[in-house]
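Here are the chains, one letter per residue:
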Amino acid sequence: MRRTTTWKRAVVVQAVWLLGGAGVAGAVTPTNVTKVARVTGATPAGELLPNPNQTHSNYEVYGTDLGIVWDKGGGEVFVLFGDTFGAGWCGNGGCGGGWRSNVLARSADTALSNGLTFTTMVQDGTRHAKEILASRKVDNDEMTVIPTAGVTVGSRHYIHYMSVRHWGEPGQWITNHAGIAYSDDNGQNWVKHPSARWTNNASWTNPFQMAALVKNGGFVYLFATPNGRFGNVHLARVPEGALLDITAYRYWDGNGWSTSQAAARPVVIGIAGELSVAYNAALGRFLMTYLNEHRQAVVLRDAGTPTGPWSGEKLLATGAAFPGIYNAFIHPWGNSATELYFISSQWTPYNTFLLRASLAADTQGDNLLSEPGFETQAATPTMAPWYLTGGGGIDRALGNARTGQDNGFVRGSSGWNALKQSVVVQPYTDYSLKGWLRASPNTTRGSFGARAAGNGPVLGESSFGALAAWTERTVTFNSGANTVVEVYGGVWADAGDTWAQLDDVSLTRGANLVAQGGFEQQPSGTATSPWSTLGKAGIDRGLGFARTGANNAWVRNDTGWNAIKQEVSVTPNTRYTLTGWVKTSANQSDGYFGARGLNNGPILNETHLTQALGNYTLLSVAFDSGPNHAVEVYAGTWANAGDTWLQVDDVAVTRN
């Protein structure tokens, strides 16, 4: 895959996620990243790394990149590469003979501590790796076809690819479309499906041009970004058996799953591209890694569920330590509670390497903010993921920090001066923002809070004046209709030179995992995302039937099963409590309030309502999530005795 010649211009994002069984959930921080072995290319003079594949002589692969890895079944993984060059290779992404847009290897190697050995590469001749997805190789038409992800379902293998129209400025390119190709002969031959495609738009901003594919619970999840390396991460999913049916995909809208691609909202704010996703079963956490060009480092996020909330960024590997690094695709067999193996590309020598990181426990796993203590700012020349309005920066090892060695500061003699960071939130959900501040004696108008993105309305704010010592401030707010908010700390410089310092900032989600549990934000009498219905059900809006607020949900019919339900993301093998307030008609004798697996999966626990509830009554159901990353909570009734109804309000799921 074509890249530029400087590290700063070689930006890639990788999101990592591999799904499997669940362990004890625990956030992690990567440390001690080392290069284990060369994966592709010839060993240059002076390099001491193992090079088990010798791809230059065995497969005419002198230079290549990516290294997307997935379990293909049968005790092997596929390892998938981008733009590939043969003899005449000169050490960067723009020259050399034998250009192939992509090549594919198979490996059964489980002992990664000494390198990754291929079983073979897919070939079209003796000792020559085959281009598996053809491209026209015409600039401003189809310059190349680059694979971005792979997954295997049963005996069929799938590749998500992008048709690159034109390479632009560093880290920027445009695509014609993204699509799905498949193979039924162990990867030897591939077919690009004619309609399993996401066509790019006229402004080249379609968010589903680069992707990661991951199986879980009968679905394949698709994390995606636009073309180039500066987009946010979006999410879709499709039943395993329908990967080639573009109409079967559902898009995460911030609350639930929508049929509309236009409704998709980000799960991560990113400077992001080239996604790869994995679930670490030993940790019970999803891992997401990518190269943040603004930070000039590959970073890692983690989460208990695929939809998040995702933690803030943590440094995985810096460009200073690994010059030209621009991706990090996790090997599915290299996950443990303490180790992580991944394949990375480096622009010079435009080849791939196997790296290993140690994983250490991270007590900040619930913090949604990146760089909360500014501690790795010393390792990067920029302030990202914090951004500045007015004057300010980072105090690096100046002795001003509350904890550690670094802190942020703002300073100016006029106007508004603030540090700010954008973060994904779930709409209509409670959050708590905390941070420690110190301010100059002449400070009269300091503010610490959260607002809608793009200098939108303030959602919650704490004002402060002069603060001689570090002082903690707490702001609670509801996200409202927003899927992205901006947190900030700053001062108005009304009296000349004015400053404030900021350290140890955190943003955490409220305990209730049910979205719109009080139904107050439902826009009509028809239930909409994140709620859905079976049989006859809907929303009472302002009718005086609610327990609290103006609205409640109802189910009512004279026959069959009728229910209102919501999919809730959970951590596997974890205890939760479902609560809600219910009242029913006098003839109700067969109602249920509980939690189950998706798609009418096994009931995890429920309360059977055999008698009428004349007044709102609090119901409580304890359940274990089992192997599920998402469950369905429901309230409903069988209408076995004619016109029967049930009303429900103030629903919550909390982790025990």
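Since the structure is predicted, the reported quantities are computational estimates derived from the model, not experimental observations.

Trainee: When you look at the overall build of the chain in this model, what are you seeing that I'm missing?
Mentor: Looking only at helices and strands, the chain has one helix and 44 strands in total. Projected onto its principal axes, the C-alpha positions of the chain cover 80 × 70 × 45 Å. In the chain, which comprises 656 residues, the proportion classed as buried is 59%. The contacts in the chain between residues at least 6 apart in sequence include a share of 66% that link residues at least 24 apart. Across the chain, 46 positive and 48 negative side-chain charges occur, with their mean positions spaced 2 Å apart.

Trainee: Is there a simple way to explain the packing of aromatic side chains in this structure?
Mentor: Describing an aromatic ring pair means giving the distance of the ring centres and the angle of the ring planes. Across all of its chains, the model carries 22 aromatic pairs by this definition. An angle of 80° between the planes, with centres 6.2 Å apart, marks the rings of Phe223 and Trp310 as edge-to-face. With Phe223 in strand 13 (residues 219-225) and Trp310 in the loop between strand 20 (297-303) and strand 21 (314-318), the pair connects residues that are 87 residues apart, well separated along the chain. Considered together, Phe223 and Trp310 belong to a single accessibility category, that of buried residues. Geometrically, the ring pair formed by Tyr576 and Phe623 is stacked, given 5.8 Å between the ring centres and 20° between the ring planes. Residue Tyr576 is located in strand 39 (residues 575-584), and its partner Phe623 is located in strand 42 (residues 617-624); the two are separated by 47 residues in the primary sequence.

Trainee: I tried to follow the sheet that holds strand 28 (residues 416-424) on my own but got confused; where do I start?
Mentor: Backbone hydrogen bonds are what pair the strands of a sheet, in a parallel or an antiparallel way. If you trace the five strands from one edge of the open sheet to the other, you get 25-28-33-30-31, paired in antiparallel fashion. Two strands close off the open sheet at either side, each with one partner strand: strand 25 (387-389) and strand 31 (458-464). Sheet twist, expressed as the average angle between the axes of neighbouring strands with direction ignored, equals 20°. Relative to strand 33 (residues 484-492), strand 28 is paired through nine bridges, and the arrangement is antiparallel. The residue of strand 33 that forms the bridge with Ser422 is Glu486.

Trainee: What is the right way to look at the nonpolar core in this model?
Mentor: Note on soluble globular proteins: their nonpolar side chains tend to be buried together. Phe519, Ile564, Leu578, Val648 and Val653 are the most contacted members of the largest nonpolar core, which has 29 residues in total. For this core, the secondary structure elements donating two or more residues are strand 36 (537-541), strand 37 (551-557), strand 38 (561-569), strand 39, strand 40 (591-597), strand 42, strand 43 (630-638) and strand 44 (644-655). Those residues in contact with Leu578 that lie beyond four places of it in its chain are Phe593, Gly594, Ala595, Leu619, Ser620, Val621, Phe623, Val633, Val651, Ala652 and Val653.

Trainee: Mind showing me how you'd approach unusual backbone geometry here?
Mentor: With the exception of glycine, most residues fall at negative phi, and the peptide bonds are largely trans. Gly308 connects to Pro309 through a cis peptide bond whose omega is 5°. Along the polypeptide, Pro309 turns up in the loop between strand 20 and strand 21. The omega torsion of the bond from Ser529 to Pro530 falls at 15°, within 30 degrees of zero and hence cis. Structurally, Pro530 can be placed in the loop between strand 34 (498-509) and strand 35 (531-534). Residues other than glycine seldom take positive phi values, yet Ala397 does so here, at roughly 55°.

Trainee: Hey, could you run me through the sheet that holds strand 8 (residues 144-153) in this one?
Mentor: Spatial ordering of the open sheet is given by 8-9-10-11, a layout of four strands whose pairing is antiparallel. Two strands close off the open sheet at either side, each with one partner strand: strand 8 and strand 11 (191-199). The mean angle between the axes of side-by-side strands here comes to 25°, regardless of whether they run parallel or antiparallel. Looking at chain direction, strand 8 and strand 9 (residues 156-167) are connected through nine bridges and run antiparallel. Along strand 9, the bridge assignment pairs Val151 with Tyr158.

Trainee: Looking at this structure, I do not really get the confidence of the model for the chain. What am I missing?
Mentor: If pLDDT is low for a region, its predicted coordinates should not be looked at in detail. Averaged over the chain, the pLDDT score is 92; the fraction of residues at 70 or greater is 95%. Counting interchain partners and residues more than four positions distant, the pLDDT-below-50 stretch residues 1-24 has 144 contacts.

Trainee: Help me understand the pattern of salt bridges in this model?
Mentor: Opposite charge on two side chains permits them to pair, given that their charged atoms come into close proximity. All told, the structure shown has 20 salt bridges when counted by the stated rule. Residue Arg285 is joined to Asp302 by a salt bridge in which the shortest nitrogen-to-oxygen separation is 3.3 Å. Residue Arg285 is found in strand 19 (residues 285-292), and its partner Asp302 is found in strand 20; the two are separated by 17 residues along the sequence. Of the two residues, Arg285 and Asp302, neither departs from the other in class, the shared state being buried. Through salt bridges with shared partners, a single ionic network connects Arg285, Asp302, Lys314 and Asp362.

Trainee: Whenever I open this one, the pairing of strand 14 (residues 231-239) confuses me. Can you help?
Mentor: Remember that side chains alternate between the two faces of the sheet whenever the strand is regular. Within strand 14, seven of the nine residues are buried, which leaves the element mostly enclosed by the surrounding structure. Taking the residues between adjacent antiparallel strands as the criterion, strand 13 and strand 14 are bridged by five residues, where Gly228 takes a positive phi near 85°. By the bridge criterion, two bridges tie strand 14 to strand 17 (residues 268-272) in an arrangement that is antiparallel. Pairing of Gly231 across the sheet is with Ala272, part of strand 17. Note that strand 14 and strand 15 (residues 250-252) share two bridges and pair antiparallel. When the bridges of strand 15 are listed, Ala236 appears paired with Tyr251.

Trainee: Any chance you could explain the environment of Tyr488 here in plain terms?
Mentor: Relative to the elements of secondary structure, Tyr488 occurs in strand 33. We classify Tyr488 as buried; its relative accessible area is 4%. For Tyr488, the contacting residues outside a window of four places in its chain are Trp416, Leu419, Lys420, Ser447, Phe448, Gly449, Ala450, Arg451, Val458, Gly460 and Glu461.

Trainee: Mind showing me how you'd approach the pairing of strand 23 (residues 339-346) here?
Mentor: The element strand 23 is largely enclosed, with a buried count of seven among its eight residues. As consecutive antiparallel partners, strand 22 (residues 329-335) and strand 23 are separated by three residues. Sheet topology places strand 23 next to strand 24 (residues 351-361); eight bridges connect them, and they run antiparallel. For Ser345, the partnering residue across the bridge sits in strand 24 and is Thr352. A loop of four residues connects strand 23 with strand 24, the two strands running antiparallel in sequence, and Tyr350 in this loop sits at a positive phi of about 50°.

Trainee: Looking at this model, I keep getting lost on the side chain of Gln588. Mind explaining?
Mentor: Tracing the sequence through the fold places Gln588 in the loop between strand 39 and strand 40. Among the residues examined, Gln588 registers a relative accessible area of 1% and is labelled buried. Only 2.5 Å separates the side chain of Gln588 from the backbone nitrogen of Gly591, close enough to count as a polar contact.

Trainee: Is there a simple way to think about the side chain of Gln566 in this case?
Mentor: Relative to the helices and strands, Gln566 is located in strand 38. For Gln566, a relative accessible area of 2% puts it in the buried group. At 2.9 Å, the side chain of Gln566 and the backbone nitrogen of Ala515 are in polar contact. Sequence-distant contacts of Gln566, that is, excluding residues within four places in its chain, are made with Val514, Ala515, Pro530, Trp531, Val631, Glu632 and Val633.

Trainee: Would you take a moment to explain the environment of Arg38 for this structure?
Mentor: Looking at the element boundaries, Arg38 is found in strand 1 (residues 28-38). With residues near it in sequence (within four places) discarded, Arg38 still touches Thr43, Pro44, Glu47, Leu49, Pro50, Asn51, Pro52, Pro349, Asn351, Thr352 and Phe353. There is a polar contact of 3.0 Å between the side chain of Arg38 and the backbone oxygen of Thr40. A polar atom in the side chain of Arg38 sits 2.8 Å from the side chain of Glu47.

Reading the values: rules and limits
- Residues numbered from 1 in each chain as written.
- Predicted model: local features only at pLDDT ≥ 70, side-chain atom pairs only at ≥ 80, totals over all residues.
- Heavy atoms only, no water.
- Helix = DSSP H or I, 4+ residues; strand = E, 2+ residues; numbered from the N terminus.
- Buried < 20%, exposed > 50% of the residue type's maximum accessible area, 1.4 Å probe, protein only.
- Contact = heavy atoms within 4.5 Å.
- Lys, Arg positive; Asp, Glu negative; His and termini not counted.
- Charge placed at Lys NZ, Arg CZ, Asp CG, Glu CD.
- Phe/Tyr/Trp six-rings, centres within 6.5 Å; stacked < 30°, edge-to-face > 60°.
- Pairing = 2+ DSSP bridges.
- Axes fitted to C-alpha atoms, helices over the stretch in contact; angles between N-to-C directions.
- Core = buried A, V, L, I, M, F, W, Y, C linked by side-chain atoms within 4.5 Å.
- pLDDT = per-residue confidence, 0-100.
- Salt bridge = Lys/Arg side-chain N within 4 Å of Asp/Glu carboxyl O.
- Polar contact = N/O pair within 3.5 Å; in protein donor to acceptor, adjacent residues only side chain to side chain.

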